[in-house]
Amino acid sequence: MKNLLISFSGGETSAFMTQYLWLNEKEEYNMKIVFSNTGQENEETLIFVQKFSEYFNIPIIWVEAKVYHYVRKSSGYNVVDFTTASRDGKPFEDVIRKYTIPSMSYPHCTRELKSNPIKAIAKDLFNNQSYYLAIGIRNDEIDRMNKDRNKLRIIYPLIHFLSTSKPMINFFWKQMPFRLNLKSYQGNCKTCWKKSDKKLFHIAKESPEAFEFTARMEARSEERRVGKECRSR
């Protein structure tokens, strides 16, 4: 039996993929499902992940980044759950302390808050054995597939196993007693720097408190910069 790690993003497409694999591919794969919380996920995302796990009776392992300061080592993981998961940005703050604020010049947030913690726990879950990684990308997002997917052992079930489009995902969730209660412009991460300015302005107008963490991190970063300049004089 092949090992399969399902990267559960907390979105409806990822959730659809997960339940499909769990119901149809368990004889083919030894599956482990992991959700990585950044501490800056919208609360609706965390609620959706928990409801999904309970409704479909699918075990989901929750992790957060464990940052190793003052050493050249990628983020590991801490296991949490719905109750203990950070809501105050602690994992994100730890990553910023080590790697600075993420941006187009330093796009390390997904790597250190999502990819590396998931890779770290997969190593333990599968006892250092090889595994495939399932990513929830639909057939109408085919251009997002990783060009090195074969080398990296990435599979796209919603493209290759069950050709799936956005209308199909919406139809499925309309039949369910719960959905991800977020608007399209909000997304899982509250104020992701990858969002368009239009989306960020909309969020700022609608929920200005969403930017409190960002403002605090930027202020702290500026204090450190000024402090370093003073010490160097």
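Heads up: these notes are all about the structure in this document. No experiment lies behind these values; they were computed from the predicted model shown.

## A closer look at the environment of Asn-170
Thinking step 1. Position of Asn-170 relative to the elements: it lies in helix H7 (residues 166-174).
Thinking step 2. Those residues in contact with Asn-170 that sit more than four places away from it in its chain are Glu-12 and Arg-179.

## Some remarks on the nonpolar core
When a protein is soluble and globular, its nonpolar side chains tend to lie buried together.
Thinking step 1. Counting residues in each nonpolar core, the largest one holds 33 residues, and the members touching the most others are Phe-52 and Trp-173.
Thinking step 2. Looking at which element gives the most residues to this core, the answer is helix H1 (residues 12-24), with six residues.
Thinking step 3. Not counting chain neighbours up to four residues away, the residues in contact with Trp-173 comprise Glu-12, Ala-15, Phe-16, Phe-48, Phe-52, Phe-56, Phe-178 and Arg-179.
Thinking step 4. By size, the runner-up hydrophobic cluster in this structure holds 13 residues, among which are Leu-5, Ile-121, Phe-126 and Tyr-156.

## Some remarks on the sheet that holds strand E4 (residues 76-80)
Thinking step 1. Here we have six strands laid out as an open sheet, ordered E4-E3-E2-E1-E5-E6, and mixed in their pairing. If you trace the sheet from one side to the other, it starts and ends with E4 and strand E6 (154-155), each paired once.
Thinking step 2. Here three bridges tie strand E1 (residues 2-7) to strand E5 (residues 132-134), and the two strands are oriented parallel to one another. Bridge pairing in E5 links Leu-5 to Leu-133.
Thinking step 3. The sheet contacts of helix H4 (residues 109-125) involve E1, strand E2 (29-36), strand E3 (61-66) and E4, and relative to E2 the element is tilted by about 145°.

## What about the packing of helix H3 (residues 90-99) against H4?
Thinking step 1. As a packed pair, H3 and H4 sit with axes 10 Å apart at the nearest point and diverge in direction by 130°. The pairing of H3 with H4 is recorded here as oblique in orientation. In this structure, H3 crosses over H4, and the sense of that crossing is right-handed. Contacts between H3 and H4 involve Pro-91, Phe-92, Val-95 and Tyr-99 on the former and, on the latter, Cys-109, Arg-111, Glu-112 and Leu-113.
Thinking step 2. Looking at the contact of H3 with H4 residue by residue, the class counts come to six nonpolar, no polar and two charged.

## Some words on the packing of aromatic side chains
Thinking step 1. Tallied over the full model, the rule gives 16 aromatic pairs.
Thinking step 2. Centroid distance Phe-172 to Trp-173: 5.1 Å. Interplanar angle 90°. Geometry classified as edge-to-face.
Thinking step 3. Residue classification places Phe-172 among the buried residues on the basis of a relative accessible area of 17%.
Thinking step 4. By way of ring pairs, the aromatic residues Phe-8, Phe-16, Phe-48, Phe-52, Tyr-55, Phe-56, Phe-172, Trp-173 and Phe-178 are connected into one cluster.
Thinking step 5. The ring of Phe-82 carries the charged tip of Arg-87 above its face, separated from the ring centre by 4.8 Å.

Calculation criteria
Residues numbered from 1 in each chain as written. Predicted model: local features only at pLDDT ≥ 70, side-chain atom pairs only at ≥ 80, totals over all residues. Heavy atoms only, no water. Helix = DSSP H or I, 4+ residues; strand = E, 2+ residues; numbered from the N terminus. Contact = heavy atoms within 4.5 Å. Core = buried A, V, L, I, M, F, W, Y, C linked by side-chain atoms within 4.5 Å. Buried < 20%, exposed > 50% of the residue type's maximum accessible area, 1.4 Å probe, protein only. Pairing = 2+ DSSP bridges. Axes fitted to C-alpha atoms, helices over the stretch in contact; angles between N-to-C directions. Parallel < 35°, antiparallel > 145°, perpendicular 65-115°, else oblique. Left-handed = near helix turned anticlockwise from the far one by under 90°. Nonpolar A, V, L, I, M, F, W, Y, C, P; charged D, E, K, R; others polar. Phe/Tyr/Trp six-rings, centres within 6.5 Å; stacked < 30°, edge-to-face > 60°. Lys NZ or Arg CZ within 6 Å of the ring centre and 35° of its normal.

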